[in-house]
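# Coordinate analysis (summary)
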Amino acid sequence: MNKLDAQRQKEIQQAEELLFAGPQALGFAKGLFQGHFVSDWVMPYPRISEAQNAELDGTLTKLRQFLDEHLDAAEIDRNADIPRGVIDGLGRVGVLGMTAPKEYGGSGFSQMANCKILEEIGRRCASTSVFVNAHHSIGIRALLLFGTHEQKQRWLPKLCSGEQLGAFALTEKEAGSDAANVQMQARPSEDGLHFILNGEKRYITNAAIADVLTVMARTPVPGSDKTSITAFLVAPDMPGFEIIEARMPKMGIRGTATGRFALRDVKVPKENILGPPGKGLKVALTVLDFGRTTFGACCTGAAKTCLRLAIEHANTRKQFNKTLGNFHLVQKKIARIAADAYAMEAMTTITAAFIDRGLEDYMLETAMLKVFTTERLWECINDVFQIYGGSAYFVDLPLERMMRDARINQIGEGANEVLTSFIALVGMRGPGMEFKEIYDTMVKPTREQGFAKAWTAGKHRLGATVRVPEVPVQSAELRSFANQLGRLIWRFNVAVNRALITYREPILDMQLLQERIANAAMDLFASTCVLSRYDSELQSAQRNGSSSSPDQLAANLFLRQSFRRIRHFLAGLTDNEDKSVLATAKSVLSNPGD
Ligand SMILES: Cc1cc2nc3c(=O)[nH]c(=O)nc-3n(C[C@H](O)[C@H](O)[C@H](O)COP(=O)(O)OP(=O)(O)OC[C@H]3O[C@@H](n4cnc5c(N)ncnc54)[C@H](O)[C@@H]3O)c2cc1C
């Protein structure tokens, strides 16, 4: 095997271990790739339980009051620091232990409720929402999910109150998007009671202010010369822990402390291992599933701020003797922000509900939510920026800050390109495996397998593709949208099958094709969430006898625009200039001097 093949083999093995360990449950998004619409998981639109809603309302009221009085996003950006008073206040309101069980000092809220809290913070200050995410959504998440009772009892109470802070440390120089390439070493001590950690981490939010860090390091696999990743709880008072840079100066979310640290022969007790030894990558990815959900909530909040700012300016600023809101090209932007903000909230709520309902598999949905909401938010900010014209460029308005702050979203917690490819490949795995089975049986028929098995498998696949799935809605006025969505899911499944049959294994490297498939899948998921929310709002409006609201118009617009995009992505699978794109890139990359 040459070096390239060996590397490829290693990548495939890592991906398999990472993504497909254990049985494959059919999540909602995976169902879309197979032409199914698993309606029970997305309809009716999920609601927070009444008991929890009352508690959440109380917390939101306290939070809003606290943020109104104490949070100054411009000052946080200017000083590149979130004041300790703000952190303490968030702790008092319960934000820093929102989803931790009450027995450990948390608030015991669901993910859906947690998302409402983060949406509120995301409306006001991205530095603060990223700080909360780093501490609660990812920093202490591994402890919440994988910690033993003793570990939780020891660490959680102070982390929930904010007396102590958490961080999540995965990224290193050589392990950015390629998270599996962690180089930090953890070798067992001779007495077997500790692990000795060595290496450096960079770009870690809260690194220098955290009292507990979830650190991913490479441990030997007993009885072999291989290594795998394990998650450890590390405290900065352990000898050998060194902050190299506490606050790396940066473009946006300046209030967060993004740092670099080194561990030099740090002795970590083996009781500090989180989750099964050697399964740290799985731990990390599960943690990031939660982080991506609250990411969606923060982006939703910021998009709502974009909408408010756009409306305020378009209704007051006059040019050509008219307020800007009279111009169709301004209206177009505002309508799209409203439609996208509606969709972002619906998608966040449904994804959070998957977690709350204890579904096994929501990796694809959280990746979709992250990519979709971060890309839409970027567009929203760009549009509102344009509506404000020159004034947006100056620091007395929040827009340039919001733009700087939002840029990290497309990179952090999985770069959008990496997640886009992931969405397509994981989604296609189900139908791909079936085709592989058909193909393998056809080219290598054995007496036991033969063509009969291939024929059965083929019939099964084709049978799945001929039916248009039913999308059940309660409201008669949404039947047409539901039928269109069903037909688009059917067309999507046909397109996925066709791509798999046409390209087979090389599809693993065809990222331009993967992007179209992932984009179509994301819009199908977003449309589903919007339809579900729209249906439930129409139903309750009918019950209360109220008339159509701006939200319903925004939902209607979103579905129309989303369906158009899906048709466009699917058409692009066969009508595109990919060869020319790749030839140009290759030529330019190999002639840097020209
Ligand atoms: C402000 C900030 C805070 C952060 N906080 C944390 C934290 O708390 N904890 C933590 O562990 N990490 C944190 N990170 C790290 C963050 O998760 C990484 O920056 C991110 O995963 C990308 O890694 P990288 O920067 O090394 O980029 P690279 O991996 O070098 O990627 C650069 C670009 O290459 C492209 N690319 C890479 N791989 C592929 C591919 N397979 N296909 C197509 N395109 C590809 C993408 O466009 C990507 O944006 C933070 C980063 C920043 C900037």
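Further up the page is the structure itself.
Note that the structure is predicted; figures quoted are calculated from it, not measured.

Conventions and cut-offs
- Residues numbered from 1 in each chain as written.
- Predicted model: local features only at pLDDT ≥ 70, side-chain atom pairs only at ≥ 80, totals over all residues.
- Heavy atoms only, no water.
- Helix = DSSP H or I, 4+ residues; strand = E, 2+ residues; numbered from the N terminus.
- Rg over C-alpha atoms; globule rule 2.2 N^0.38 Å.
- Buried < 20%, exposed > 50% of the residue type's maximum accessible area, 1.4 Å probe, protein only.
- Contact = heavy atoms within 4.5 Å.
- Areas by Shrake-Rupley, 256 points an atom, 1.4 Å probe, with all protein chains shown as cover.
- Lys, Arg positive; Asp, Glu negative; His and termini not counted.
- Charge placed at Lys NZ, Arg CZ, Asp CG, Glu CD.
- Pairing = 2+ DSSP bridges.
- Salt bridge = Lys/Arg side-chain N within 4 Å of Asp/Glu carboxyl O.
- 1 Å grid on protein atoms, 1.4 Å probe; cavity = no way out; pocket = protein on both sides within 12 Å on 5 of 7 lines; lining within 4 Å.
- Points joined across faces, edges and corners; volume = space filled by probe spheres on them.
- Nonpolar A, V, L, I, M, F, W, Y, C, P; charged D, E, K, R; others polar.
- Patch = residues over 30% accessible without salt bridge, like charges linked within 9 Å, V, L, I, M, F, W, Y side chains within 5 Å.
- Polar contact = N/O pair within 3.5 Å; in protein donor to acceptor, adjacent residues only side chain to side chain.
- Axes fitted to C-alpha atoms, helices over the stretch in contact; angles between N-to-C directions.
- Parallel < 35°, antiparallel > 145°, perpendicular 65-115°, else oblique.
- Left-handed = near helix turned anticlockwise from the far one by under 90°.
- Core = buried A, V, L, I, M, F, W, Y, C linked by side-chain atoms within 4.5 Å.

### Section: the overall build of the protein
Within the protein, the regular secondary structure consists of 19 helices and ten strands. A compact globule built from 594 residues would reach a C-alpha radius of gyration of about 25 Å, and the protein, at 25 Å, matches this within 12%. For the protein, the proportion of its 594 residues judged to be buried stands at 55%. The long-range fraction of contacts in the protein, counting pairs at least 24 apart against all pairs at least 6 apart in sequence, stands at 75%. Counting every atom, the protein has about 27,600 Å² of accessible surface; 53% of that belongs to carbon and sulfur. The centroid of the 70 positive side-chain charges in the protein is displaced by 4 Å from the centroid of its 66 negative side-chain charges.

### With respect to the pairing of strand β3 (residues 194-205)
As paired elements, strand β2 (residues 185-188) and β3 share four bridges and run antiparallel to each other. Following the sheet pairing, Ala-186 is matched in β3 by Leu-197. Note: β3 against strand β7 (residues 258-269), nine bridges, orientation antiparallel. Across the sheet, Gly-199 pairs through a bridge with Leu-263, a residue of β7.

### Some thoughts on the pattern of salt bridges
Scanning the entire structure with this criterion turns up 30 salt bridges. When the shortest N-O distance is used, the salt bridge between Arg-264 and Glu-242 registers 3.0 Å. Of this pair, Arg-264 sits in strand β7 while Glu-242 sits in strand β6 (residues 241-245), and the two are 22 residues apart along the sequence. Residue classification places Arg-264 among the partly exposed residues on the basis of a relative accessible area of 41%. Note that Arg-516 and Asp-578 form a salt bridge whose closest N and O atoms lie 2.7 Å from each other. In this pair, Arg-516 sits in helix α17 (residues 511-544) while Asp-578 sits in helix α19 (residues 578-590), placing the two residues 62 residues apart along the sequence. Both residues of the pair, Arg-516 and Asp-578, belong to the buried class. Through salt bridges that share partners, Arg-64, Asp-68, Lys-116, Glu-119, Glu-120, Arg-123, Arg-124, Lys-304, Glu-345, Arg-533, Glu-537 and Asp-551 make up one connected network.

### Re empty space enclosed by the protein
Over the atoms, a rolled probe matching the size of one water molecule traces out where space is still vacant. According to the stated counting rule, one finds two cavities of 30 Å³ or more in the structure shown. The computed volume of the largest cavity comes to approximately 50 Å³. Met-112, Cys-115, Lys-116, Glu-119, Ala-297, Glu-345, Thr-348 and Thr-349 are the residues that line the largest cavity. The set of elements that each furnish at least two residues to the lining of the largest cavity consists of α6 (111-124) and α11 (328-356). Tallying contributions element by element places α6 first for the lining of the largest cavity, with four residues. Counted by class, the lining of the largest cavity contains three nonpolar, two polar and three charged residues.

### Some points on a negative patch on the surface
Where like charges cluster on the molecular surface, the negative patch consists of Glu-375, Glu-379, Glu-417 and Glu-515. For Glu-375, the location among the structural elements is in helix α12 (residues 363-388).

### Considering the side chain of Ser-536
Residue placement: Ser-536 occurs in helix α17. Ser-536 sits in the buried class, given a relative accessible area of 14%. A distance of 2.7 Å separates the side chain of Ser-536 from the side chain of Arg-47, its partner in a polar contact. Excluding residues that lie within four positions of it along the chain, Ser-536 makes contacts with Tyr-45 and Arg-47.

### Comments concerning the packing of α12 against helix α13 (residues 399-406)
Between α12 and α13, the least distance of the axes is 10 Å, while the angle of their chain directions is 160°. What the angle tells us is that α12 and α13 run roughly antiparallel. In this structure, α12 meets α13 at a crossing whose hand is left-handed. Side by side, α12 and α13 meet where Leu-377, Trp-378, Ile-381, Asn-382, Val-384, Phe-385 and Tyr-388 of the first sit next to Leu-399, Glu-400, Met-402, Met-403 and Ala-406 of the second. In the contact of α12 with α13, the residues fall into ten nonpolar, one polar and one charged.

### Quick notes on the nonpolar core
Formed by 149 residues in total, the largest nonpolar core has its most connected members in Phe-33, Leu-197, Ile-423, Ile-517 and Leu-531. Among the elements that line this core, the one with the most residues is helix α10 (residues 280-316), at 16 residues. Other than its neighbours up to four places away in sequence, Ile-423 contacts Phe-33, Leu-364, Ala-367, Met-368, Val-371, Ala-518 and Met-522. Grouped together as the second largest cluster of nonpolar side chains are 32 residues, Leu-71, Val-86, Leu-96 and Cys-115 included.

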